[in-house]
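Single-letter residue listing:
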Amino acid sequence: SRTCVTEALTAADSSWAAATDGERQEAKRHTPNTLSPEPNVVKLRVDSVEPKLAWPMALSRHGCHIVQAALDVADKPRRLSMADAFRGRVREALKSPHANHVLQRCVAVLPPENVQFVVAEMEGFAREIARHPFGCRVLERLIEHCPRGQTERLAQEVIADVLELRDRKSVV
């Protein structure tokens, strides 16, 4: 788990260096007192990320790295609490260049039954999600980590779209 934290900090370093002043202020505003939003500050403790802050932190470039690292090292109850912050927000997270990574990590580190809410919130929208540059990655993680029966409806939506595209006459 130290490797995951080191990788998160390395990614956070480059994100922090590229961040605008506004992005840095936003990250500081959503970072709990036990953490430092600035990389290389020793008091960073990813295991102390408050689950209720997982969502706002996931939306920032730097915060998403911290939440991903926290998901890697947290025990199951804390992981579940952090993932719970995404309930009702899955489609918003799918469109975020930062939060989609945290949602992918949730899918990767939690048992499939605990990410059913992600599948449920994506149902009916899989065609659009499969075409979205960030959403498609979460769809891929679900297919990789969940049993076939759990993702079957999503896969059927995507396949129906492929068949529809094939049957369209191209206009050139």
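Quick caveat: nothing in here was measured; it's all calculated off a predicted structure.

1. Topic: the overall build of the protein
Right, so step 1: When its secondary structure is counted, the protein shows eleven helices and zero strands.
Right, so step 2: Element order for the protein, N to C, with α for helix and β for strand: α-α-α-α-α-α-α-α-α-α-α.
Right, so step 3: Scored against the burial criterion, the 172 residues of the protein give a buried share of 44%.
Right, so step 4: Summing over all exposed atoms, the protein offers an accessible surface of approximately 9,500 Å²; the carbon and sulfur share of this is 52%.

2. A short note on the nonpolar core
Right, so step 1: Among the nonpolar cores identified, the biggest contains 37 residues, and Met82, Phe86, Leu103, Val118, Met122 and Leu142 are the most heavily contacted of them.
Right, so step 2: Put simply, the parts of the chain that give this core at least two residues each are α3 (54-58), α4 (61-73), α5 (76-84), α6 (90-95), α7 (99-109), α8 (116-122), α9 (126-131) and α10 (135-145).
Right, so step 3: Those residues in contact with Leu142 that lie beyond four places of it in its chain are Val107, Val115, Val118, Val119, Met122, Thr151 and Leu154.

3. Thoughts on the packing of aromatic side chains
Right, so step 1: All told, the structure shown has one aromatic pair when counted by the stated rule.
Right, so step 2: Seen from their ring centres, Trp55 and Phe86 are 5.3 Å apart, and the 85 degrees between their planes marks the pair as edge-to-face. Of this pair, Trp55 sits in helix α3 while Phe86 is found in the loop between α5 and α6, placing the two residues 31 residues apart along the sequence. In this structure, Trp55 and Phe86 share a single accessibility class: buried.
Right, so step 3: Above the plane of the ring of Phe125 lies Arg91, whose end atom (NZ or CZ) is 3.4 Å from the centre.

4. Brief notes about the confidence of the model for the protein
Right, so step 1: Overall, the predicted model of the protein reaches an average pLDDT of 81, with 69% of residues at or above 70.
Right, so step 2: Taken as a whole, residues 1-13 scores under 50 in pLDDT and shows 13 contacts with residues more than four places along the chain or in a different chain.
Right, so step 3: Confidence drops under a pLDDT of 50 for residues 40-44, and excluding neighbours within four residues, the segment shows ten contacts in the predicted structure.

5. Topic: the side chain of His98
Right, so step 1: Here His98 is to be found in the loop between α6 and α7.
Right, so step 2: Take His98: its relative accessible area is 18%, and that puts it in the buried class.
Right, so step 3: The residues touching His98, leaving out its near neighbours within four places in the chain, are Ala58, Leu59, Ser60, Arg61 and Cys64.

6. Some words on the packing of α4 against α7
Any two packed helices are characterised by how steeply their axes cross, that is the angle between the axes, and by the distance between the axes.
Right, so step 1: Between α4 and α7, the least distance of the axes is 9 Å, while the angle of their chain directions is 5 degrees. If you check the angle between α4 and α7, you find them roughly parallel. Of α7, the residues touching α4 (which contributes Cys64, Val67, Gln68, Leu71 and Asp72) are His101, Val102, Arg105, Cys106 and Val109.
Right, so step 2: Considering only residue class, the contact of α4 with α7 consists of six nonpolar, two polar and two charged.

7. Structural notes on the pattern of salt bridges
Right, so step 1: Within the structure shown, the criterion is met by seven salt bridges.
Right, so step 2: Arg131 is paired through a salt bridge with Asp161; the nearest N and O atoms lie 2.6 Å apart. Note that Arg131 is positioned in helix α9 and Asp161 in helix α11 (residues 148-167), a separation of 30 residues in sequence.
Right, so step 3: You can call Arg131 exposed: its relative accessible area is 52%.

8. Description of the environment of Ile129
Right, so step 1: The residue Ile129 is located in helix α9 in this model.
Right, so step 2: Of the residues examined, Ile129 reaches a relative accessible area of 7% and is grouped as buried.
Right, so step 3: As a C-alpha pair, Ile129 and Arg91 span 38 residues in sequence and 8.6 Å in three-dimensional space.
Right, so step 4: Ignoring anything within four residues of it in the chain, the contact list for Ile129 reads Leu94, Met122, Gly135, Cys136 and Leu139.

How each quantity is defined
- For every chain, the first residue of the written sequence is number 1, and numbering continues from 1 along that sequence.
- Only residues with pLDDT of at least 70 get local features here, since the model is predicted, and only at 80 or more are side-chain atom pairs given and counted; chain-wide, interface and lining totals rely on the full set of residues.
- The basis for every side-chain value is the complete set of non-hydrogen atoms in the structure, without hydrogens or water.
- Only DSSP runs of H or I covering at least 4 residues are called helices, and only runs of E covering at least 2 are called strands; the numbering of each starts at the N terminus.
- Buried, partly exposed and exposed residues are distinguished by accessible area as a fraction of the type maximum, computed with a 1.4 Å probe on protein chains only: under 20%, between the cut-offs, and over 50%, respectively.
- Calculation of accessible area relied on Shrake-Rupley with a 1.4 Å probe; when residues are assessed, cover is drawn exclusively from the protein chains displayed.
- In plain words, nonpolar cores are sets of buried Ala, Val, Leu, Ile, Met, Phe, Trp, Tyr and Cys residues tied together by side-chain atoms within 4.5 Å.
- Whether two residues are in contact is decided by their heavy atoms: any pair within 4.5 Å suffices.
- Only the six-membered ring of Trp is used, alongside the rings of Phe and Tyr, when aromatic pairs are assigned; centres must lie within 6.5 Å, and planes under 30 degrees apart are stacked while those over 60 apart are edge-to-face, with the rest tilted.
- Two limits define a charge over a ring: the Lys NZ or Arg CZ must be within 6 Å of the ring centre, and within 35 degrees of the ring normal.
- The predictor reports its confidence for every residue as pLDDT, a score running from 0 up to 100.
- For helices, the fitted axis covers only the stretch in contact; all axes are lines through C-alpha atoms, and the angles between them, taken along N-to-C directions, range from 0 to 180 degrees.
- Reported orientations rely on four angle classes, namely roughly parallel under 35 degrees, roughly antiparallel over 145, roughly perpendicular from 65 to 115, and oblique for the rest.
- The classification used treats Ala, Val, Leu, Ile, Met, Phe, Trp, Tyr, Cys and Pro as nonpolar, Asp, Glu, Lys and Arg as charged, and all other residues, Gly among them, as polar.
- Whenever Lys or Arg places a side-chain nitrogen within 4 Å of a carboxyl oxygen from Asp or Glu, that contact is recorded as a salt bridge.

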